[in-house]
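What the coordinates show
Here is what each chain is made of, one letter per residue.
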Amino acid sequence: MAALAGRFRGFLPVVVDVETAGFDPERNALLEVAAVIIGGEVGQLKPVASHHFHVMPFTGAVLDPAALAFTGIDPFQPLRGAVSEEEALRGIFRAIRTAVKAAQCRRAILVGHNAAFDLSFIKAAEKRSAVKNNPFHLFSTFDTVSLAGLAYGETVLAKAALAAGLSWDHEQAHSALYDARQTAELFCKIVNGFDLNREYP
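Computed from a predicted structure; not experimentally measured.

About the criteria used
- Residues numbered from 1 in each chain as written.
- Predicted model: local features only at pLDDT ≥ 70, side-chain atom pairs only at ≥ 80, totals over all residues.
- Heavy atoms only, no water.
- UniProt positions renumbered as here; feature names shortened; annotations may be inferred.
- Helix = DSSP H or I, 4+ residues; strand = E, 2+ residues; numbered from the N terminus.
- Buried < 20%, exposed > 50% of the residue type's maximum accessible area, 1.4 Å probe, protein only.
- Contact = heavy atoms within 4.5 Å.
- Core = buried A, V, L, I, M, F, W, Y, C linked by side-chain atoms within 4.5 Å.
- Axes fitted to C-alpha atoms, helices over the stretch in contact; angles between N-to-C directions.
- Parallel < 35°, antiparallel > 145°, perpendicular 65-115°, else oblique.
- Left-handed = near helix turned anticlockwise from the far one by under 90°.
- Nonpolar A, V, L, I, M, F, W, Y, C, P; charged D, E, K, R; others polar.

**Re the UniProt feature "binding site: Mg(2+) 2" (unreviewed entry) in the protein chain**
The sites that UniProt annotates as "binding site: Mg(2+) 2" (unreviewed entry) are Asp 17, Glu 19, His 174 and Asp 179. For the residues just named, distributed over 163 residues, the greatest C-alpha separation is only 9.7 Å, placing them together at one site. Tracing the chain through its elements places Asp 17 in strand β1 (residues 11-20). Under the relative-accessibility criterion, Asp 17 is labelled buried at 9%. Not counting residues within four places of it along the chain, the set of residues in contact with Asp 17 comprises Glu 32, Val 33, Ala 34, Asp 118, Ser 175, Ala 176, Asp 179 and Ala 180. By the element assignment, Asp 179 lies in helix α6 (residues 176-195). Since its relative accessible area comes to 6%, Asp 179 is described here as buried. For Asp 179, the residues in contact, after removing those within four places along its chain, are Asp 17, Glu 19, Leu 157, Trp 168, Ala 173 and His 174.

See below:
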């Protein structure tokens with residue numbers, strides 16, 4: 001089996017999902033972030049580690065009531081155990097950098113369902129909190145919307161997961177950790193299926 005480092009030109013896939021208080025990464029709060037690191041060998045990729053934080057809204061953040069109703073998140077619920085954007089990003093970035101080094105990759109690449117949305121909120125929070133050493137490629141991503149559309153003719157995450165033979169729990173959906181884990185399973189299934197009977201250096 002070929003090593004993962006050679007599969008994506010030295011990039012380590014890391015699935016990210018964010019839950020937010022709106023669509024504008026500059027104005028709306030980041031409320032949850034989860035990252036699922038992909039490991040294994042080519043043809044047998046699998047999720048190997050998950051990292052998750054509840055995040056406190058940054059000072060002056062706009063909280064769209066419609067977005068909060070959609071996610072069901074109460075940003076100021078004390079039992080959330082929310083941390084600052086800085087603490088969340090430092091924790092996520094540190095874990096990813098360690099995984100990149102262990103996999104002998106040169107950088108991480110963000111995998112997401114509508115990946116540009118997730119990356120935009122990560123980059124906006126990074127800028128606000130002045131956290132350095134972002135492990136992700138600055139603009140390239142793998143988007144499971146496109147991959148699932150190609151593989152299964154579905155672009156909605158829940159429908160794509162079911163088409164791929166995965167389970168889907170509507171009660172857990174719109175939790176960053178659950179959605180990231182399901183997206184990771186979807187990504188691995190699509191890529192592993194494609195890699196069957198193919199060889200990589």
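**Quick look at the nonpolar core**
With 45 residues, the main nonpolar core has Leu 12, Val 14, Val 16, Val 33, Ile 96 and Phe 136 as its most contacted residues. In this structure, Ala 161, Leu 166, Leu 186 and Ile 190 belong to the second largest nonpolar core, which totals twelve residues.

**Topic: the packing of helix α4 (residues 144-152) against α6**
Running from N to C, α4 and α6 cross one another at 50°; their axes reach a closest spacing of 10 Å. As summarised for this structure, α4 and α6 are arranged oblique, according to the angle between their axes. For the pair α4 and α6, the crossing hand works out as left-handed. The segment α4 lies against α6, with Thr 144, Leu 147, Ala 148, Ala 151 and Tyr 152 engaging Thr 183, Leu 186, Phe 187, Lys 189 and Ile 190. Taken together, the residues of the contact of α4 with α6 break down into seven nonpolar, two polar and one charged.

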